[in-house]
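Per-entry structural report
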Amino acid sequence: MKLAWLRIGMFISFFLSAIVGFSQAKISGRILAGESNKPLDGVNILLKGTKRGTATDANGDFTIAANAKDVLVCSYTGYQVLEVTVGTESRLNLVMTQATDKMSEVVVVGYGTQNRRNITSAIAKLDNKVLENAPRANVGSALQGTISGLQVVNATGQPGASPLILLRGGASINNPGSPLVVIDGIIRSYNDIASEDIASIELLKDAAATSIYGARANNGVILITTRQGKTGVAQISYKFTGGYNQRRKGYTYLNAHDYIYYNRLGNFNSGRTLSQVNTSRGYGLPAGVGGVTTGTGAADLAIFDIRKYDASMNDLFSKGWDTVGDPYGGTIIFKDHGGEIEDLVFRNTYTQDHYVNVTGGNDKGKYFASFDYYNEPGVIVGSSYKRYSGVLNGSYKVKPNIEISTGVNLSTSSQLGVNGSEVNNLYRNLSIWPTMNPWLDSAKTKPNPGNGVNDGNPLYWLGKQDRSDEIDRITANASVKWDFLPGFYFKATGSGYLAEQIDQSFQRATQTYTNIFSNPPSYSNTARASVAYNSRSFQQQFTGNLNYDKIFAKKHHVTAMVGAEYYGIKDMVMQVSGTNAPTDDISTVNASTTFVAGSNYSTKSEYRMISALSRVGYVFDQRFIINGSFRMDAASSLAKDNRNGFFPGVSAGWNMQNEKFFRNSKVSNVVSTLKPRISYGQNGNIAGLDRYEVQGTYGSVGLYNNNAGFLNTSVVNSDLRWEKSKTTDVGADIGLLRDRVTIIFDYYDRRTSDLLTNLALPGYTGFSSVRTNLGTYQNKGYEFTVNANVLNNPNGLRIDVSANASYVKNKILQLPYNGQPNNRQNGAGAANLIQIYDPNSKQLVWVSGLQEGQPLGAIYAFKQESIFTSDAEITKLAGNRRDVVAQISGPGVNYGTGKIAPGDVNWRDVDKNDTIDSRDQVYIGNIFPRWTGGFSANVSYKGLSLSARFEFALGHTIYNDLVARTLGNYQGTFNYIDWQKNAWSPTNTNTDIPKVYYADQVAAP
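Predicted, not measured: the structure shown is a model, and the values here were computed from it.

Right, let's get into the overall build of the chain. For the chain, the helix and strand inventory stands at 13 helices and 52 strands. On the principal axes, the C-alpha backbone points of the chain span a range of 135 × 75 × 70 Å. Here the chain holds 1005 residues, and 45% of them are scored as buried. In the chain, of all internal contacts separated by at least 6 residues, the share reaching a separation of at least 24 is 65%. Element-wise, carbon and sulfur atoms account for 56% of the exposed surface of the chain, whose accessible area totals about 48,000 Å². Charge centroids of the chain, computed over 96 positive and 82 negative side chains, lie 8 Å from each other.

This is the structure:
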């Protein structure tokens, strides 16, 4: 009987299950964007409480099997999550609303993700609209002006070049460095990542956020997450992004008329003879023409269209020639070629970025593949950047609780620089003689080489070079995720990253214009230098993490992670360089006959780091939050006793908006989110340390008595240890008007100790300096970020604005003891110590360089008080003056090579001793901005959008070397910018530009 009832029960259960199963219906529908009423492609749709789902196609359509009362969860990046309960209808027309709640966004953190409401440290997230709006050879440029506390400087206009990135003023004196870049968990360059492949970019700023990356996170961490496959039908999409590139408007250079006049006037004011000026290139006059006896030669006559005028030359006026009065007397006839070289150096170009991807999957597996082609010719002729990249990744659940993921990223790129150097393209090419004809023939088929690679027609010099540059990158990764218990999962990942650069160059034999027109013609350079360069870097990274995530009693949310990581890299570099090939027809190095030892080399090096890491988080009732993390690193570049570093971080926050007293207050009508937070942590840095430096370095001394030798070039330094940065951060996340306006504020104080600094050694040691850990450096400042959804009209109009600003101040707190006041020492580059007179203390003081209690980047220079307008004024103000710098003096002193004259600068005599020397320099500013930031606006209406983005930097001083050198006339023959037309003269005394002189930069009286 019991068996019969059991069979009946099983039958009834089966029958009911079948009814339920067969009652599932096919639900179809379409999802539109609320702001534009256009279909949304790729919306993820899941049955709530299950892992079954689908995705919309390009038309926004979807189909899914569901029961009545099932809940569909629709999610799409940038839009609010939509939950819809299935009813009796078989077709659903759904509308999704763009997300305005920045406080609830998902943010990638180290080795995981968090909701913004549970974050208690300083983490910024880039708005993806920045990546969508313009083609980018390098995603680093997207960070410019978009994230507070981050200074992004494009140090070059070279297409594809990485910008300089500095977080919170830098964490070191000698090697501030850029943030660590981690892409999908792999430490690598972002240069070959297509913008369209990026799902999100986050920046970890304070030590509590970055401590999980330990020794390498002293300058912050940039986390880039790339796109992965989505559940749903296969989708193919294509995107074209184009751009137009044009040089920014620069300075206007003098035409040939003014060039001749002011150059010859400068010679006249400097007391140079007519013979001297007539032998000067560009504005000199050819000998034997127009009665000139001493002048330039036949080669100059051939390419410079300038002559001493006489009546026999009147036919030249019909060919575009003109005349100018000569300050030395007489008239000069010339033809103006001003701007012709400039038009050859610069060009307008178009950038094109073609991108296609395929994505799809189901509840078992997902896949994503993309291909990107990017091409950007530089605005300076000869420069370019071209890149091909491809991505393939996927995941598959071999079991319901085991998922395997793999991926590969391939890229090859070519980046060619400008002809010669960027500096000389902007200095010498633009200020080239406007009397020189850039062409050797009237048909303009034979470019004029001029006098050198940046002193002639760039097309000639480009035609004499063979150049190739290839950078290949391969990234492969795989991971296994095992959900082995409720709330627990283990994830193991491994990756390999190969980067290889192959460069080749060959310089054919070249001529200058004097070689071409010599008899017989000759060559200026027949070295035929050929170089083949190859560098190869292979990186391995293996990580294992055990994770825990559990909610207890609906109020206690605990997360934890513990893991270990291995990082290893091997580099090899090789170069073969030769000269004196017998012909231009063989460009490879095997044709060379001379090989210099220092230019032919190979090097190899290795570096390893082993790490243990952990993070713990606790949230109570969505109100009180505490997070802690640590990392322990052991680096091979430090000696055994000092290679281990421990880097902890802790942070806490309070979601006040979830408190009952807050919800019941009137403040909650305006303030929808209020989360004060505080953090403290420690990072490390050895970025400026060579891989084998602590072991002592060695160098070759060449041959002695036909025997090779080597010597110790730096001391063994096993006591070196990590730089350590300790950062305290106090901040707040504030949301207004239901979080339509969000404000993120941070105040930080970062102190970096054990700085890697150099201590000078006595000469008898045989070494110039030794690296020490005897320095402390401080950065502190404020950061503000504001995002506002100004308008979100249901009819489709949406307006969003954002702004950010940051203030930073730095100070050196400690330097190695050297017996000098403030332990002063020279800094890097031009930051050398100088002694000036201090009017307040009435004493000489040492400034600039590196000094305790002083900031980095101070600039000192001479101060121009006025321009002397008359001899009487000179006698009154500078009668007994000695100008040690210019080697001139006032009328009452017998000193130097000349006398101060009307039109000269009246420099401030700070110490009032009638002597102008280095002690009279004054503080004029700092090279580092105090304020940086940016603001943006985005307006969209039914699928049409318009965006604008601006950045700013304030409170710093920039030395304009181009203006200084150009107005200084270089070595005496190049062109001026048109400011020179406002120079002092007897008829133009109300000006701040002094009288024109010959070669004022190097040789003027």
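Moving on: the sheet that holds strand E19 (residues 321-325). The sheet built from three strands is open, its strands ordered E18-E20-E19 with antiparallel pairing. This sheet does not close on itself; its edge strands, each paired only once, are strand E18 (306-308) and E19. Shown here is a sheet whose adjacent strand axes are inclined to one another by a mean of 25°, direction ignored. Where E18 lies against strand E20 (residues 331-335), three bridges are found, and the strand directions are antiparallel.

Our focus in this paragraph is the packing of aromatic side chains. Counting across every chain of the model gives 34 aromatic pairs. When the ring of phenylalanine 304 is compared with that of tryptophan 433, the centres are 5.5 Å apart and the planes differ by 75°; the resulting orientation is edge-to-face. Pair noted here: phenylalanine 304 is in the loop between helix H6 (298-303) and E18 and tryptophan 433 is in the loop between helix H8 (422-426) and helix H9 (458-463), with a separation of 129 residues, a long-range link. According to the relative accessible area criterion, tryptophan 433 is buried, its value standing at 2%. An angle of 55° between the planes, with centres 6.1 Å apart, marks the rings of tyrosine 374 and tyrosine 385 as tilted. Here tyrosine 374 is found in strand E22 (residues 365-377), whereas its partner tyrosine 385 is found in strand E23 (residues 384-399), with 11 residues between them in sequence. You can call tyrosine 374 buried: its relative accessible area is 1%.

Below, the discussion takes up the nonpolar core. Grouped together as the largest cluster of nonpolar side chains are 41 residues, with contacts concentrated most on Ile260, Phe304, Trp433 and Met436. Secondary structure elements with two or more residues in this core: helix H4 (256-269), H6, E20, helix H7 (340-345) and helix H13 (961-967). Non-local contacts of methionine 436, meaning those with residues more than four positions away in its chain, are made with Ile303, Phe304, His337, Ile341, Asn448, Gly450, Asp455 and Gly456.

Remark: the empty space left among the atoms is shown by a probe the size of a water molecule rolled over them. Taken as a whole, the second largest pocket encloses approximately 1,600 Å³ of empty space. Surrounding the second largest pocket, 39 residues form its lining, Gln864, Val905, Trp907, Ala964 and Pro994 being those nearest its centre. The set of elements that each furnish at least two residues to the lining of the second largest pocket consists of strand E43 (858-861), strand E48 (905-907) and H13. Among the elements that line the lining of the second largest pocket, the one with the most residues is H13, at five residues. Of the residues in the lining of the second largest pocket, the class split is 24 nonpolar, six polar and nine charged.

With that out of the way, let us pick up a positive patch on the surface. A surface patch of positive charge is lined by Lys780, Lys809, Lys811 and Arg930. Relative to the helices and strands, lysine 811 resides in strand E40 (residues 797-814).

On the surface, a nonpolar cluster with roughly 630 Å² of combined accessible area is contributed by Ile236, Tyr238, Phe240, Val356, Phe371 and Tyr388. No other element matches the three residues that strand E17 (residues 232-245) contributes to the nonpolar patch. Mapped onto the elements, phenylalanine 371 comes out in strand E22.

Another aspect to go through is the pairing of E40. In this sheet, E40 lies alongside strand E39 (residues 776-792) in antiparallel orientation, the contact comprising 16 bridges. From the neighbouring strand, phenylalanine 784 faces E40, where its bridge partner is alanine 805. Remark: four residues form the turn of the hairpin made by E39 and E40, two consecutive strands paired antiparallel; glycine 796 in that turn has positive phi of roughly 120°. Relative to strand E51 (residues 931-941), E40 is paired through 11 bridges, and the arrangement is antiparallel.

A few words on the confidence of the model for the chain. As a general rule, the predicted coordinates of low-pLDDT regions are not to be interpreted in detail. For the chain, mean pLDDT is 90; residues scoring 70 or higher make up 96% of the total. When mean pLDDT is taken per element in the chain, E20 scores highest with 98 and helix H1 (residues 2-23) scores lowest with 41. Across residues 1-23 the pLDDT falls below 50, and counting only partners more than four positions away or on other chains, this stretch makes two contacts in the model.

Here we take up the environment of threonine 588. Residue placement: threonine 588 occurs in the loop between strand E28 (556-578) and strand E29 (601-620). Accessibility expressed as a relative area gives 37% for threonine 588, which makes it partly exposed. Here the alpha-carbon distance between threonine 588 and aspartate 466, two residues 122 residues apart in the chain, equals 9.9 Å.

Scanning all chains against the criterion turns up 35 salt bridges. The partner of aspartate 455 in a salt bridge is arginine 428, and the shortest N-O contact between them spans 2.8 Å. In this pair, aspartate 455 sits in the loop between H8 and H9 while arginine 428 sits in the loop between H8 and H9, placing the two residues 27 residues apart along the sequence. Of the residues examined, aspartate 455 reaches a relative accessible area of 6% and is grouped as buried.

Once that is clear, we can look at empty space enclosed by the protein. Summed over the entire model, instances satisfying the criterion amount to three cavities of 30 Å³ or more. Taken as a whole, the largest cavity encloses approximately 180 Å³ of empty space. Lining the largest cavity are 18 residues, and of these Ser121, Ala208, Ala209, Arg615 and Asn627 lie nearest its centre. Among the elements of the structure, helix H3 (207-210), strand E30 (624-635) and strand E31 (644-654) are those that each provide at least two residues to the lining of the largest cavity. Residue composition of the lining of the largest cavity, grouped by class: seven nonpolar, 10 polar and one charged.

Looking now at the sheet that holds strand E4 (residues 61-66). Overall, mixed pairing links the three strands, which are arranged E4-E1-E7 in an open sheet. Two strands in the sheet have a free side with no partner beyond their single neighbour: E4 and strand E7 (91-96). Averaged over all pairs of adjacent strands, the angle between their axes in this sheet comes to 30°, without regard to strand direction.

Calculation criteria
Residues numbered from 1 in each chain as written. Predicted model: local features only at pLDDT ≥ 70, side-chain atom pairs only at ≥ 80, totals over all residues. Heavy atoms only, no water. Helix = DSSP H or I, 4+ residues; strand = E, 2+ residues; numbered from the N terminus. Buried < 20%, exposed > 50% of the residue type's maximum accessible area, 1.4 Å probe, protein only. Contact = heavy atoms within 4.5 Å. Areas by Shrake-Rupley, 256 points an atom, 1.4 Å probe, with all protein chains shown as cover. Lys, Arg positive; Asp, Glu negative; His and termini not counted. Charge placed at Lys NZ, Arg CZ, Asp CG, Glu CD. Pairing = 2+ DSSP bridges. Axes fitted to C-alpha atoms, helices over the stretch in contact; angles between N-to-C directions. Phe/Tyr/Trp six-rings, centres within 6.5 Å; stacked < 30°, edge-to-face > 60°. Core = buried A, V, L, I, M, F, W, Y, C linked by side-chain atoms within 4.5 Å. 1 Å grid on protein atoms, 1.4 Å probe; cavity = no way out; pocket = protein on both sides within 12 Å on 5 of 7 lines; lining within 4 Å. Points joined across faces, edges and corners; volume = space filled by probe spheres on them. Nonpolar A, V, L, I, M, F, W, Y, C, P; charged D, E, K, R; others polar. Patch = residues over 30% accessible without salt bridge, like charges linked within 9 Å, V, L, I, M, F, W, Y side chains within 5 Å. Salt bridge = Lys/Arg side-chain N within 4 Å of Asp/Glu carboxyl O. pLDDT = per-residue confidence, 0-100.

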